[in-house]
Amino acid sequence: MYTSKSLITTAGELAPREKRLSICLRADGFSFAEVASSGALLSFGEAEGRHAPTMTTVMADVKAFFAAAGIRPLGYASMELIVLSDESVWVPDELYSSLANRTYLRLAGSTPDGVLTCHSRTLASTAVFAANEQVVTAFKVAMPGVAVMHQHAKMALLAPRSQNHPLLLTHWRKGLVDVAAFRDGRYLFGNTLRFASEDEAVYHVVEVMRSYALEDPTTELLLCGDVDRERFAALRPYFPHANLFAGTADCRQDPAFRTLPVYRYALLLI
């Protein structure tokens, strides 16, 4: 069963077709946001609780949580389920075959229990990634029409921001950092890197910058997810510009969102 950790909603009412629903799946629950077609953030919430051991129970728990939150996940312009994965690989469209999904991950050194995919029209490639298929399937059945998104597919959408300057986007998790490198409006690289210490984390991020020739007076580093003052301060000296990234949605609609550390949930708001 999931319990509500936080819930913020705006007073205005919009028809579902005028907004999208984004959900970010975690091992210990999920977070979600409703965003209007205008780009305004309308609601945000977090659900805590381990996912049930059976698919039918997960389905029931998902339906019960959203019903209690006053959200009926039907009729939205779009619904997406962002699945955070520690192991993934990009396969170009001309090489991709659904029959080889496990082979792609094995070649990348992974032996996953479950495998999912997410196609990126932007990159003309498919992300093949390790994930809990049972939990994801339960969400898909409970919310008909929801599209599964991989975190790197979401991050790749920021490519246009690098049109005028190199960009390095980092999404931080416990012992992991998802990295995406961009230049001239193009996606150059994306991967999930493990680290055992803050020094190792800094090394990995700086090495990506150097490996992909992003050393430039205008280079921008964006940080989101599990970021604190110490982590930001450790990386700041290596980049001309470093900022917390809060997504692309407009969070000024309601004063309640001003107290929300939006950068922790930025993937929901791209």
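Residues numbered from 1 in each chain as written. Predicted model: local features only at pLDDT ≥ 70, side-chain atom pairs only at ≥ 80, totals over all residues. Heavy atoms only, no water.

## Description of helix 1 (residues 55-68)
Here helix 1 is 14 residues long and its end C-alpha atoms lie 20 Å apart, about the 20 Å a rise of 1.5 Å per residue gives. Inspection of helix 1 places Val58, Met59, Asp61, Val62, Phe65 and Phe66 among the buried residues, and these make up the whole buried set. Along the axis of helix 1, the buried positions cluster into a sector of 165 degrees, meaning they face one direction only. Residues of helix 1 that are exposed and point over 90 degrees away from its buried face: Thr56, Ala67 and Ala68. The inward-facing, buried residues of helix 1 abut strand 1 (3-9), strand 2 (19-26), strand 3 (29-36), strand 4 (41-48) and helix 3 (133-142). (Helix = DSSP H or I, 4+ residues; strand = E, 2+ residues; numbered from the N terminus. Expected span 1.5 Å × (residues − 1). Buried < 20%, exposed > 50% of the residue type's maximum accessible area, 1.4 Å probe, protein only. Arc of directions from axis to C-beta. Contact = heavy atoms within 4.5 Å.)

## Digging into the environment of serine 110
Of note, serine 110 is situated in the loop between helix 2 (101-107) and strand 7 (115-120). Separated by 22 residues in the primary sequence, serine 110 and serine 88 place their C-alpha atoms 8.4 Å from one another. Beyond its immediate chain neighbours, meaning those up to four positions away, serine 110 contacts Glu87 and Leu105.

## So, the packing of helix 1 against helix 3
It is at 8 Å that the axes of helix 1 and helix 3 come closest, and there the two elements cross at 50 degrees. In terms of their interaxial angle, helix 1 and helix 3 are classed as oblique. Here the hand of the crossing between helix 1 and helix 3 comes out right-handed. Along the contact surface, helix 1 presents Met55, Val58, Met59, Val62 and Lys63, while helix 3 presents Gln134, Val135, Thr137, Ala138, Phe139, Val141 and Ala142. In terms of residue class, the contact of helix 1 with helix 3 is made up of nine nonpolar, two polar and one charged. (Axes fitted to C-alpha atoms, helices over the stretch in contact; angles between N-to-C directions. Parallel < 35°, antiparallel > 145°, perpendicular 65-115°, else oblique. Left-handed = near helix turned anticlockwise from the far one by under 90°. Nonpolar A, V, L, I, M, F, W, Y, C, P; charged D, E, K, R; others polar.)

## Looking at the state of the cysteines
All told, the structure shown has zero disulfides when counted by the stated rule. Cysteine cysteine 24 is unpaired, with the sulfur of cysteine 224 as its nearest cysteine sulfur at 10 Å. Judged by its relative accessible area of 9%, cysteine 24 is buried. We note that cysteine 118 lacks a disulfide partner, and the nearest cysteine sulfur, in cysteine 24, lies 13 Å from it. Judged by its relative accessible area of 3%, cysteine 118 is buried. (Disulfide = S-S within 2.5 Å.)

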